[in-house]
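Chain by chain, the residues:
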Amino acid sequence: MDLPVSVLLFGITRDLTGQSAISISLNQDAQVRDLLSQLHQQFPALAGIRSLLVAVNGEYAEPDQLLNRNDEIALIPPVSGG
């Protein structure tokens, strides 16, 4: 656990965690899927959100994208309405 990352939370993700940003530590070669797994352990309610997207440095990230120390990471919940 030597890769500290900060994650910005919006919409329902902010409501479920009660925070607008959280910091977590990941393993050095962590991928987006590892981040989500860790978040689901810390905040089980997040696991119930379907189609939760992760943005890294302003671009949508695939589950196998590697994360780096200074990445700006944001959880993008599904948008409702129409």
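Figured I'd write up the structure that's included with this text. (Residues numbered from 1 in each chain as written. Predicted model: local features only at pLDDT ≥ 70, side-chain atom pairs only at ≥ 80, totals over all residues. Heavy atoms only, no water.)

Counting residues in hydrophobic clusters, the biggest one holds 22 residues, and the most contacted among them are Leu35 and Leu75. Among the secondary structure elements, those contributing two or more residues to this core are β1 (3-9), β2 (21-26), α2 (32-42), β3 (53-56) and β5 (72-76). What leucine 35 contacts, discounting residues up to four positions off in sequence, is Val5, Val7, Ile24, Leu26, Val54, Leu67 and Ile73. (Core = buried A, V, L, I, M, F, W, Y, C linked by side-chain atoms within 4.5 Å. Buried < 20%, exposed > 50% of the residue type's maximum accessible area, 1.4 Å probe, protein only. Helix = DSSP H or I, 4+ residues; strand = E, 2+ residues; numbered from the N terminus. Contact = heavy atoms within 4.5 Å.)

One open sheet accounts for 5 strands, arranged β2-β1-β5-β3-β4; its pairing is mixed. The strands lining the two open edges of the sheet, one partner per strand, are β2 and β4 (59-60). Across 4 bridges, β3 lies against β5 in antiparallel orientation. Its bridge partner being in β5, alanine 55 is matched across the sheet by alanine 74. Seen against the sheet, α2 touches β1, β2, β3 and β5 and runs at an angle of roughly 115 degrees to β2. (Pairing = 2+ DSSP bridges. Axes fitted to C-alpha atoms, helices over the stretch in contact; angles between N-to-C directions.)

A few words on the side chain of threonine 13. In this structure, threonine 13 sits in helix α1 (residues 11-17). A relative accessible area of 0% means that threonine 13 is categorised as buried. Engagement of the side chain of threonine 13 in a polar contact is seen with the backbone oxygen of phenylalanine 10, the distance being 2.5 Å. Setting aside chain neighbours within four positions, we find threonine 13 in contact with Leu46, Ile49, Leu52, Leu75 and Pro77. (Polar contact = N/O pair within 3.5 Å; in protein donor to acceptor, adjacent residues only side chain to side chain.)

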